[in-house]
Amino acid sequence: QVQLVESGGGLVQAGGSLRLSCVASGSIFSINDMGWYRQAPGKQRELVASIAGGGATNYADSMKGRFTISRDTAKNAVYLQMNSLKPEDTALYYCKVVITTTPRLIREVYWGQGTQVTVSS
């Protein structure tokens, strides 16, 4: 069993900042790719940023220069620092983590429950 707990969402004015956190716990052997996705009402879920096991990062074009993804391997955590937030960043943000679990060493994708980010104009 694996659990992902997200935190850090909230209401912020345009131009403000938020930092999202996602911590994995449970029967973890290793963690591979980690990432953040978001889904706004009436829209499809989209990639925000991802970070590979080796540290390579990837960002959606609209987030480059404003958002920074990072991970803490010791804490099984992934973070998303969001600066210069815009009203169009309003969405439910989900973390996605690829985890190899014990004891069967099966690699699976896990999703967090989502944390709401609302940016007011």
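Thresholds, definitions, all that
Residues numbered from 1 in each chain as written. Predicted model: local features only at pLDDT ≥ 70, side-chain atom pairs only at ≥ 80, totals over all residues. Heavy atoms only, no water. Helix = DSSP H or I, 4+ residues; strand = E, 2+ residues; numbered from the N terminus. Rg over C-alpha atoms; globule rule 2.2 N^0.38 Å. Buried < 20%, exposed > 50% of the residue type's maximum accessible area, 1.4 Å probe, protein only. Contact = heavy atoms within 4.5 Å. Areas by Shrake-Rupley, 256 points an atom, 1.4 Å probe, with all protein chains shown as cover. Lys, Arg positive; Asp, Glu negative; His and termini not counted. Charge placed at Lys NZ, Arg CZ, Asp CG, Glu CD. Core = buried A, V, L, I, M, F, W, Y, C linked by side-chain atoms within 4.5 Å.

Trainee: Quick question: what am I supposed to make of the overall build of the chain here?
Mentor: Of regular secondary structure, the chain possesses zero helices and eleven strands. When the helices and strands of the chain are listed from N to C terminus, the series reads β-β-β-β-β-β-β-β-β-β-β. Scaling as 2.2 N^0.38, a compact globule of 121 residues should have a C-alpha radius of gyration of about 14 Å, and the chain matches this with 14 Å. Looking at the chain as a whole, 42% of its 121 residues are labelled buried. Partitioning the contacts of the chain with sequence separation of at least 6, the portion at a separation of at least 24 is 57%. When the accessible area of the chain is evaluated, it comes to approximately 6,400 Å², of which 48% is carbon and sulfur surface. Where the 12 positive side-chain charges of the chain centre and where its 8 negative ones centre are 2 Å apart.

Trainee: What should I look at first to understand the nonpolar core in this one?
Mentor: A general feature of soluble globular proteins is that nonpolar side chains tend to end up buried together. One finds W36, L80, M82, Y93 and I99 to be the most contacted residues of the largest nonpolar core, which totals 32 residues. It is strand 9 (residues 91-101) that provides the largest number of residues to this core, a total of five residues. Non-local contacts of M82, meaning those with residues more than four positions away in its chain, are made with G16, S17, L18, L20, R66, F67, Y93 and V117.

Trainee: Would you mind going over the side chain of T115 with me for this structure?
Mentor: Positionally, T115 belongs in strand 11 (residues 115-120). Not counting the four nearest positions on each side in its chain, T115 is found in contact with E6, S7, G8, G9, L20, A91, L92 and Y93.

Trainee: Sorry if this is basic, but what is going on with unusual backbone geometry here?
Mentor: Excluding glycine, residues mostly have negative phi values, and the peptide bonds linking residues are mostly trans. Here the amide bond leading from T102 into P103 is cis, since omega sits at -5°, within 30 degrees of zero. Following the sequence through the fold, P103 ends up in the loop between strand 9 and strand 10 (106-111). Non-glycine residue S84 carries a positive phi angle of around 50°. Mapped onto the elements of the fold, S84 is located in the loop between strand 8 (77-82) and strand 9. With a relative accessible area of 39%, S84 lands in the partly exposed category. Phi angles above zero are rare outside glycine, and L105 is one such case at about 55°.

Trainee: Even after reading the chapter, I still don't get the environment of V109, so can you show me in this structure?
Mentor: Its place among the elements puts V109 in strand 10. Between the C-alpha atoms of V109 and K96, which are 13 residues apart in sequence, the distance is 6.9 Å.

Trainee: I would appreciate a short explanation of the environment of Q1 in the present structure.
Mentor: One can find Q1 in the segment before strand 1 (2-7). Under the relative-accessibility criterion, Q1 is labelled exposed at 74%. Each C-alpha atom of the pair Q1 and Q13 lies 38 Å from the other, and the pair is twelve residues apart in sequence.

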